[in-house]
Amino acid sequence: MKITGIATGEVRIPLARPFKTALRTVERVEDIVVRVTAENGMVGYGEAPPTAVITGDTKGSVLAAIHQHIAPAVTGMDILALDEVLERMDRSIKGNTSAKAAVDMALYDLWGKVLGQPLWRLLGGYRPSFETDLTISVGPIPRMVEDSLAAVGDGYRILKVKVGKEGLADLPRIAAIREAVGPDISIRVDANQGWTVKDAIRVITAMEDKGLSVELVEQPVPAHDLEGMAKITQAVYTPILADESVFSPLDALEIIRRGAADLINIKLMKTGGIHEALKICGIASLYGVECMMGCMLESKLAVSAAAHLCAAKGIVTRADLDGPSLCSVDPYEGGPDYDGATVRMNELPGIGITGVPCDFS
Ligand code: MG
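Because the structure is predicted, anything quoted here is derived from the model rather than measured.

### Examining the packing of aromatic side chains
Under the definition given, this model contains two aromatic pairs. Centre to centre, the rings of tyrosine 45 and phenylalanine 360 are 6.1 Å apart; their planes meet at 25°, and the pair counts as stacked. Of this pair, tyrosine 45 sits in strand β3 (residues 43-48) while phenylalanine 360 is found in the segment after β16 (353-355), placing the two residues 315 residues apart along the sequence. Given the relative accessible area of 19%, phenylalanine 360 is considered buried. Aromatic pair tyrosine 108 and tryptophan 111: ring centres 5.8 Å apart, planes at 90°, arrangement edge-to-face. Separated by three residues within a single helix, tyrosine 108 and tryptophan 111 lie in helix α4 (residues 97-115), roughly one turn from each other. Residue tyrosine 108 shares its accessibility class with tryptophan 111, and that shared class is buried.

### A short note on the domain arrangement of the protein chain
Per the domain assignment, the segments of the protein chain are domain 1 (3-116) and domain 2 (121-355). Both faces considered, domain 1 and domain 2 share a buried interface measuring about 3,500 Å² in area, 67% of it formed by carbon and sulfur atoms. Our count for the domain 1 to domain 2 interface comes out at two salt bridges. The shortest N-O distance in the salt bridge between aspartate 147 and arginine 17 comes to 2.4 Å. At the boundary of domain 1 and domain 2, one finds eleven residue pairs in polar contact (both at pLDDT 80 or more). Only β1 (3-20), β2 (25-38), β3, α1 (52-55), α3 (82-92) and α4 provide two or more residues apiece to the side of domain 1 that touches domain 2. Residues that form the side of domain 1 that touches domain 2 fall into these classes: 23 nonpolar, eight polar and twelve charged.

The rules behind these values
- Residues numbered from 1 in each chain as written.
- Predicted model: local features only at pLDDT ≥ 70, side-chain atom pairs only at ≥ 80, totals over all residues.
- Heavy atoms only, no water.
- Phe/Tyr/Trp six-rings, centres within 6.5 Å; stacked < 30°, edge-to-face > 60°.
- Helix = DSSP H or I, 4+ residues; strand = E, 2+ residues; numbered from the N terminus.
- Buried < 20%, exposed > 50% of the residue type's maximum accessible area, 1.4 Å probe, protein only.
- Domains from an automatic or database assignment.
- Buried area = accessible area lost by both parts, 1.4 Å probe.
- Salt bridge = Lys/Arg side-chain N within 4 Å of Asp/Glu carboxyl O.
- Polar contact = N/O pair within 3.5 Å; in protein donor to acceptor, adjacent residues only side chain to side chain.
- Nonpolar A, V, L, I, M, F, W, Y, C, P; charged D, E, K, R; others polar.

Laid out in structure tokens, this is it:
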């Protein structure tokens, strides 16, 4: 069944509250939406947030990559020869992982719809539901404590706390949150590359000595500093999770072989979509390295593609898929059910999003 066209639109959704990390502050989701059409009129949808500060992708670069390179390469191909379509897309332009991710998930969505099965079943069918954490933005301690208590009140049992702005001064943030939420809530700490190697070892060791029982620490130092990541991983007991250091399957292999992290955070916008993310799952499975499925500031469309992968694979043991919960409204119809901390998959074919509110051209 031939792919007859690829069109793009735009979706804008205000966030319920500003999203703040060591790298940036964001007030709304402004993402590009992709629609792939087959010759029988069936459509698949994908989405990309241009996250310049992390992936280097801008709105202009995503649109140019899709319309000038990817669309000409795959239009006219058979959607049922999905592997070949995706390999050709990958070769059509170097880099541009967000653009590739949006088209990749639209192709997978269409493929699932043509086959009449939900993606999570087609890709492995490991679990019909899973639990996600909720992000707590970095800010003044009272605000972070208040946000954490509100999250726990909403039923979240795992918090992902953003730090990394102030080195050793991040320690009281985590201590205050642990004291407020009690011992039964899992706390993940994400420094977003904001610490030095010495800061990281000092802060993490202090958290361990204080018994703050942090589940993991994510990307303590800059993405390129694999030597530093390895030093920290070897120096502390707390598991270290690589996020910005791992884009491609080759990055994942390098991290694992160098012992530069204990865990890997897979995000479709870094890998360039599900096709490459599956390769990371394969490598991670070989080495017994558990993965987290994460997202950028994406709305329910792109997050749902990640949710399908998370539900499909046993090696993905953690989910940081709170994008839809951070949005003030849900403009889509269909898709998995985001019920607070619980994400439930269903039997809708493909990704399952049936209504996308934007104009395509
Ligand atoms: Mg992160």
